[in-house]
Amino acid sequence: MSGEYQKTYDFSINEPELFWGEAAQGIQWYRKPTRVMDSTRAPFYRWFPDGELNTCYNALDWHVEQGRGDQLALIYDSPVTNTVQRFTYRELLEKVALFAGVLKANGVGKGDRVIIYMPVIPATAIAMLACARIGAIHSVVFGGFAPHELAIRIDDAKPRLVLSASCGIEIDRVIEYKPLLDKAIEMAVHKPEGCIIFQREQVTATLVPGRDQNWEEAVCAAQPADCVPVQSTDPLYILYTSGTTGMPKGVVRDNGGNAVALKWSMKNVYDIEPGEVFWGASDLGWVVGHSYIVYGPLIHGCTTILYEGKPVGTPDAGAFWRVISEHGVKALFTAPTSFRAIKREDPEGLLAKKYDLSRFKYLYLAGERLDTDTYHWASDLLKIPVVDHWWQTETGWPVASNCMGLEVLPIKPGSPTKPVPGYKVSIVDGYGNEVPPGQEGLVVIGLPLPPGTMSTLWQQDQKCLDSYFVQFPGRYLTGDGGFIDSDGYLYVMGRVDDVINVAGHRLSTGAMEEVVAMHPDVAECAVIGVADEFKGQLPLGFVVLKAGVQRDSKELVEELSQMIREQIGAVASFKQALIVKRLPKTRSGKILRGVMRKVADDAPYTVPSTIDDPGTLDEIGESLTELGYAKHHHH
Ligand code: COA
Ligand code: AMP
């Protein structure tokens, strides 16, 4: 309906308590909240503070009680194992209740943490929901992270149990998880009481006696456990995300706000009705997996797809079309990089024509900037709305989108359209002053952030304040730069901090610098993200060697690349580095990473007045040109 977006948006901003109080009616509560928002600890707003609910109840039991037990809840489609497995709501509920019983039998209760380090298989989703069922706090760690990263998360979350599987499968490569887990526990100071290991057919993991249990055996011995009511404000999960240093941020999401916001977004942002098929083609280790593979679709009573495969190579660039047609997917959510991968292998989109895509209505893309080429390619091929939308692990659900369930606004390629109801997005300069339309600045969100957004960083309120709220009082700092045009459309241009986005994976260049700096020949280093046609961004290292050290650059890059794989993980895709004589710095010794990035990407830049020696930038530009970057660099 015309005007519906603006009307809804204005209502959400002018009357947030009325707006979200209404949205909360979509959720089943043990105790209905009498208050919508508590601002006594602002900027830590608490939503539905006296409400009591259970997220797993809303995701499963409620639908079964409403007579929809035989509807499909989850379809596991795994081209890497040649498996398709279907679970009705009743079946999924049974499995989750039993696994919740396993957790309980292991002493896990309300507020206890459980780390889940697993591939994209049903057991992972079952484990998440089982935690929610008994009020335990899960923290899923992406399977592509190396032991060191897992160890950091174990030490921060201090889990009672760690859940894992014998392996993950990368196209045709079996990645054994158990040795990685064992190593991580060895490295961690905090030792979990036990591990429960899901044995997959491809590999049988060796269990540590007295510590590890076999998943299936534990399930066989278990009694189903019931839902435990929790406070709306109790944490549902911690999800670690890359910050600017090697120490990731433990984003905490509460139960009540999450359920209300996700339910609202399924209908109003994604235009999905209960019973329809929604596919979030991502990993359960990322926020998309939490919000739009597990909780959003299930709370809304949809059928969700759990896909263990890639857009290409499993077996070909038609994989997405096969899944869409086979399972009647109405909306697909993925990262632009997936579409660039498909486009690269099947530029004419011939494989799409082999499948019946008549039920496919929306393509949602997020996780990185959607380049206009990819937008046009997908849009021309599919002839359905291709919706660029912008959000972050911290927000948990979209901040800016064309809200398909409210009103279809004209699409402007390159823009995720307008702020979603609940979010007061603006652009400010370094002093916090709003800039005029069209002018680039920092993207900030006025407080309060709506329900479902981060409640804090795990046991680090101060770090949360310092990272997001201190610079501009009353506003949340997103870490992204961009502008708003004269029609109110938002354009997000990229991070302004040391976070980069590689093939839709959020990574920290600071963490990579810490690893590179450990190399015995490296005196000093900087890692920046540079534009890449396929992955969006790729890390690029600059190293200054210790005095007197001579190294062959190819060999050194190989060693650094290996170190990053071992310390952070293969997803970092660290494959290029330059040996330079010195790094461009300010007079106070700060490395000018932002300017280096602009030089590499051929973006306009001004030489900062604080630079110690402008000659260093020219040297960097010359080295970059040799590597194929900074093609237009002029002295
Ligand atoms: N476990 C172990 N290793 C993993 C992994 C996992 N879960 N995920 C990725 N890796 C490895 C890959 O095998 C690859 O290893 P290699 O360097 O030895 O080949 C490396 O990490 C880099 O992976 P990736 O950057 O994902 O590149 P790719 O070429 O394997 O795949 C895409 C490219 C586009 C298919 C893939 O990046 C993708 O699907 N991205 C979307 C990410 C996403 O969904 N983000 C969430 C926002 S929607
Ligand atoms: P993550 O927390 O992993 O979801 O990554 C969040 C970051 O990804 C954001 O801060 C942005 O830099 C980037 N991002 C996500 N979606 C978009 C989008 N639609 N357009 C531009 N950047 C995006």
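The rules behind each value
- Residues numbered from 1 in each chain as written.
- Chains lettered and ligands numbered in written order.
- Predicted model: local features only at pLDDT ≥ 70, side-chain atom pairs only at ≥ 80, totals over all residues.
- Heavy atoms only, no water.
- Helix = DSSP H or I, 4+ residues; strand = E, 2+ residues; numbered from the N terminus.
- Buried < 20%, exposed > 50% of the residue type's maximum accessible area, 1.4 Å probe, protein only.
- Lys, Arg positive; Asp, Glu negative; His and termini not counted.
- Charge placed at Lys NZ, Arg CZ, Asp CG, Glu CD.
- Arc of directions from axis to C-beta.
- Contact = heavy atoms within 4.5 Å.
- Near = heavy atom within 4 Å.
- Polar contact = N/O pair within 3.5 Å; in protein donor to acceptor, adjacent residues only side chain to side chain.
- Nonpolar A, V, L, I, M, F, W, Y, C, P; charged D, E, K, R; others polar.
- Pairing = 2+ DSSP bridges.
- Axes fitted to C-alpha atoms, helices over the stretch in contact; angles between N-to-C directions.
- Parallel < 35°, antiparallel > 145°, perpendicular 65-115°, else oblique.
- Left-handed = near helix turned anticlockwise from the far one by under 90°.
- Phe/Tyr/Trp six-rings, centres within 6.5 Å; stacked < 30°, edge-to-face > 60°.
- Lys NZ or Arg CZ within 6 Å of the ring centre and 35° of its normal.

A. A look at the overall build of the protein. Across its full length, the protein holds 18 helices and 32 strands. Dimensions along the principal axes, computed over C-alpha positions, put the protein at roughly 70 × 60 × 55 Å. A burial count over the protein gives 62% of its 635 residues as buried. Within the protein, one finds 61 positive and 78 negative side-chain charges whose respective centroids are separated by 2 Å.

B. Molecular detail of helix α17 (residues 593-600). Among the residues making up α17, those that are buried are V595, M596, V599 and A600. Projected onto a plane normal to the axis of α17, the buried residues spread over an arc of 140° and lie on a single side. Against the buried residues of α17 lie β30 (522-532), β31 (536-545) and α18 (615-626).

C. Main features of unusual backbone geometry. Following T314, the chain continues to P315 via a peptide bond in cis, the omega torsion being -5°. Structurally, the position occupied by P315 is in the loop between β17 (303-307) and α11 (319-327). Cis rather than trans, the peptide bond between L447 and P448 has omega equal to 0°. Note on placement: P448 falls in the loop between β24 (441-446) and β25 (456-457). Although it is not a glycine, I171 sits at a positive phi angle of roughly 60°. As for its position among the elements, I171 is in the loop between β9 (167-170) and β10 (173-176). Owing to a relative accessible area of 36%, I171 belongs among the partly exposed residues under this scheme. The backbone of K383 sits at a positive phi, close to 55°, despite the residue not being glycine. Mapping K383 onto the fold places it in the loop between α13 (372-382) and β20 (386-388). Since its relative accessible area comes to 68%, K383 is described here as exposed.

D. Here's a closer look at the site of ligand 2. Around ligand 2 sit 14 residues, and of these D388, H389, T393, D480 and R506 come closest. Here D480 contributes a side-chain N or O atom positioned 2.6 Å from an oxygen atom of ligand 2. Counted by class, the shell around ligand 2 contains three nonpolar, five polar and six charged residues.

E. Focus on the sheet that holds strand β27 (residues 490-495). Taken in spatial order, the four strands of this open sheet run β23-β24-β26-β27, and their pairing is antiparallel. Of all the strands in the sheet, just β23 (424-428) and β27 have a single pairing partner and so form its edges. Each neighbouring strand pair of the sheet contributes to a mean axis angle of 50°, computed without reference to strand direction. Bridging between β24 and strand β26 (residues 475-484) involves five bridges; their strand directions are antiparallel. Looking at β26, one finds that G446 is bridged to R475.

F. Quick peek at the packing of helix α3 (residues 55-68) against helix α10 (residues 287-299). The interhelical angle for the contact between α3 and α10, taken along N-to-C directions, is 55°, at an axis separation of 8 Å. Judged by the inter-axis angle, α3 sits oblique to α10. Taken as a pair, α3 and α10 cross one another with a handedness that is left-handed. Contacts from T55, N58, A59 and H63 of α3 reach α10 at Y295, L298 and I299.

G. Fine view of the pairing of β30. Alignment of β30 against β31, held across 10 bridges, turns out to be antiparallel. What sits directly across from A531, in β31, is Q537. Once β30 ends, the chain turns through three residues before running back antiparallel as β31.

H. Inspection of the side chain of S12 at higher detail. If you trace the backbone, S12 turns up in helix α1 (residues 4-14). Taking relative accessible area as the criterion, S12 reaches 2% and is therefore assigned buried. Within the local environment of S12, its side chain forms a polar contact with the backbone oxygen of Y9, the two atoms lying 2.7 Å apart. Within the local environment of S12, its side chain forms a polar contact with the backbone nitrogen of G422, the two atoms lying 2.8 Å apart. Residues contacting S12, with those up to four places away along its chain left out, are F19, P421 and G422.

I. Spotlight on the packing of aromatic side chains. Per the counting criterion, the structure on display carries 36 aromatic pairs. The interplanar angle of 75° and the centroid separation of 6.0 Å between the aromatic rings of F333 and W391 together place this pair among those described as edge-to-face. Taken together, the positions of F333 in strand β18 (residues 331-334) and W391 in the loop between β20 and β21 (400-401) put the pair 58 residues apart, joining distant regions of the chain. On the accessibility criterion, F333 (1% relative accessible area) is buried. On the accessibility criterion, W391 (11% relative accessible area) is buried. Through pairs of rings, three or more aromatic residues link up here, namely Y270, F278, Y292, F333, Y362, Y364 and W391. The cationic tip of R153 hangs over the ring face of F145; the distance from NZ or CZ to the ring centre is 4.5 Å.

J. Focus on the packing of helix α12 (residues 336-345) against α13. One can describe the packing of α12 onto α13 by two numbers: an axis separation of 10 Å at closest approach and a directional angle of 70°. With respect to each other, α12 and α13 are oriented roughly perpendicular. Relative to α13, α12 is oriented so that their crossing is left-handed. Residues P336, F339, R340, I342 and K343 of α12 form the contact with α13, whose own contacting residues are D373, T374, W377, A378 and L382. Of the residues belonging to the contact of α12 with α13, the class tally is six nonpolar, one polar and three charged.

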